[in-house]
Amino acid sequence: MEKVKLGVIGLGNMGSGHTQNILAGKTPEITLAAVADRREARRAWAQDNLPGVPLFTEGSQLIRSGLCDAVLIATPHYQHPTLAQDAFSQDLHVMCEKPAGVYTKAVREMNAAADQSGKVFAMMFNQRTNCLYRKMRQMVQEGQLGQLKRVNWIITDWYRTQIYYDSGDWRATWSGEGGGVLLNQCPHQLDLLQWICGLPQRVQAFCHEGKWHDIEVEDDVTAYLEFPGGATGVFVTTTGDAPGTNRFEVTGTLGKLVCEDGALRFWRLAQDERDFCRTSQEGFQKPDCQEVPIETDGENPQHVGVLNAFAANILRGEPLVADGREGIGGLTLSNAMHLSSWLQKPVDIPFDEELFLQELDRRRAGSRKKEGAAITFNTEGTY
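Residues numbered from 1 in each chain as written. Predicted model: local features only at pLDDT ≥ 70, side-chain atom pairs only at ≥ 80, totals over all residues. Heavy atoms only, no water.

**Remarks on the packing of helix 11 (residues 327-343) against helix 12 (residues 353-365)**
The description of two packed helices rests on the angle between their axes and on the distance between the axes. At a closest axis distance of 10 Å, the pairing of helix 11 and helix 12 adopts a crossing angle of 70°. The orientation of helix 11 with respect to helix 12, classified from their angle, is roughly perpendicular. For the pair helix 11 and helix 12, the crossing hand works out as left-handed. Contact residues: Asn 335, His 338, Leu 339, Trp 342 and Leu 343 in helix 11; Leu 355, Phe 356, Glu 359, Leu 360 and Arg 363 in helix 12. Its residues assigned to classes, the contact of helix 11 with helix 12 comprises 6 nonpolar, 2 polar and 2 charged. (Axes fitted to C-alpha atoms, helices over the stretch in contact; angles between N-to-C directions. Helix = DSSP H or I, 4+ residues; strand = E, 2+ residues; numbered from the N terminus. Parallel < 35°, antiparallel > 145°, perpendicular 65-115°, else oblique. Left-handed = near helix turned anticlockwise from the far one by under 90°. Contact = heavy atoms within 4.5 Å. Nonpolar A, V, L, I, M, F, W, Y, C, P; charged D, E, K, R; others polar.)

Pasting the structure below:
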């Protein structure tokens, strides 16, 4: 195999963007072998913009066409695990858009299917290619911050208007999308938080549903996190703040990292704070501290980088940006936040997956979008 023959399932904003990157030659080891979409308008777009590329209505048809070595799944969230398992059953490699799914039980089944198939499985966690986040992970993993004490992420620059939510009857519904800002806008941040700092062991969240918009799912969230080892954290997000903030701060016993406005800053203590606290003879004195310049490789290849790594892994066994099985980490966080808010109490991780599904199904049963209802999209095909 000289190139990976890739089929793209779902031609909304993300799927169509991936096809354009491939056709533009940005993924030299990938060829666009086929595409699929249920929507007539998107198939018409494909006929105009992807000449000569075989076109299918159903992802299952593309999967069984024999035209592809691998598929990229860019459909609404509930379909991700189902389509991935179907592809694995046909001995195809899988790249899955975020989130991995809506609930961890289905994603766990998808991961088991990947294990059984032996095929390459990757997640489109393109933010893991950002040099700033890679550097943060490296510094935390190497112990440059010492023992973690505090993790705070304010990610409130996801502003959306009402017309955004009105663009499709599946959007911002329990039955159509499975959640709101946690499941649509924040999967990357939730993935990065647990990738860099580890998965919390307990969550208490307050998810306000339809606080700033006429929707049935959450658009304003504040969550308190407890990590093994004693660190605590706060995660704040919304689609209702303007201009909003994106500030990720990690504090340890040896210093503090702040990622904000496209820059990473590090304040390093001269002495471990715990040792200083125990030995200092001054009640108001702080340990000496200086800001240390941070050097990164400056690379941030985003979606193209993830796709090129996917191809390189299939062809030569080179590392993936994100193994698909890792998609369950960030989803575990969002599921725990939802469950905590629904039950109005703290939730330990791992949590009761059956209880989560029962609570989700209750909300799906009363959802504005009923199962089987037609899905409508705006003119750009975004979702």
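**Focus: the sheet that holds strand 5 (residues 93-96)**
Neighbouring strands of a sheet are bound in pairs by backbone hydrogen bonds; such pairs are parallel or else antiparallel. Taken together, 6 strands build an open sheet; the order of strands is 3-2-1-4-5-6 and the sheet is parallel. Of all the strands in the sheet, just strand 3 (55-56) and strand 6 (121-123) have a single pairing partner and so form its edges. (Pairing = 2+ DSSP bridges.)

**Points about helix 4 (residues 79-89)**
Those residues of helix 4 that fall on the buried side of the exposure criterion are His 80, Pro 81, Leu 83, Ala 84, Asp 86, Ala 87 and Phe 88. At its buried positions, helix 4 is contacted by strand 1 (4-9), helix 3 (59-63), strand 4 (70-73), strand 5, helix 5 (104-117) and strand 6. Trailing helix 4 by a residue or two, Asp 91 shows a phi angle of about 60°, which is positive. (Buried < 20%, exposed > 50% of the residue type's maximum accessible area, 1.4 Å probe, protein only.)

**A short note on the pattern of salt bridges**
If you walk through the whole model with that rule in mind, you get 24 salt bridges. Note that Asp 37 is salt-bridged to Arg 39, the shortest N-O span being 2.2 Å. Judged by its relative accessible area of 4%, Asp 37 is buried. Residues Glu 353 and Arg 108 are paired through a salt bridge, measuring 2.7 Å at the closest nitrogen-oxygen approach. (Salt bridge = Lys/Arg side-chain N within 4 Å of Asp/Glu carboxyl O.)

**Observations concerning the side chain of Thr 238**
Topologically, Thr 238 is positioned in strand 10 (residues 232-238). A polar atom in the side chain of Thr 238 sits 2.9 Å from the backbone nitrogen of Gly 240. (Polar contact = N/O pair within 3.5 Å; in protein donor to acceptor, adjacent residues only side chain to side chain.)

**Structural notes on the pairing of strand 11 (residues 246-252)**
Remark: a regular strand shows side chains that alternate across the two faces of the sheet. In terms of burial, strand 11 is a largely internal element, 5 of the 7 residues being buried. With 7 bridges joining them, strand 7 (residues 148-155) and strand 11 adopt antiparallel strand pairing. Its bridge partner lying in strand 11, Ile 155 is registered against Asn 246. Taking the residues that link successive antiparallel strands as the turn, the strand 11-strand 12 (residues 255-260) hairpin has 2 residues.

**Structural notes on the packing of helix 6 (residues 131-141) against helix 8 (residues 187-197)**
For the pair helix 6 and helix 8, the least separation of the axes is 8 Å and the interaxial angle reads 30°. On the basis of their axis angle, the class for helix 6 and helix 8 is roughly parallel. Touching Tyr 133, Arg 134, Met 136, Arg 137, Val 140 and Gln 141 of helix 6 are Leu 192, Trp 195 and Ile 196, all from helix 8. Split into classes, the residues belonging to the contact of helix 6 with helix 8 amount to 6 nonpolar, 1 polar and 2 charged.

**Things to note about the sheet that holds strand 15 (residues 347-348)**
Across the sheet, 9 strands lie side by side as 14-13-12-11-7-10-9-8-15; this open sheet has mixed pairing. Each end of this open sheet is capped by a strand with a single partner; those strands are strand 14 (289-292) and strand 15. Direction of pairing for strand 13 (residues 263-269) relative to strand 14: antiparallel, over a ladder of 4 bridges. Bridge pairing in strand 14 places Leu 269 opposite Cys 289.

That's the geometry; what it means functionally is another story.
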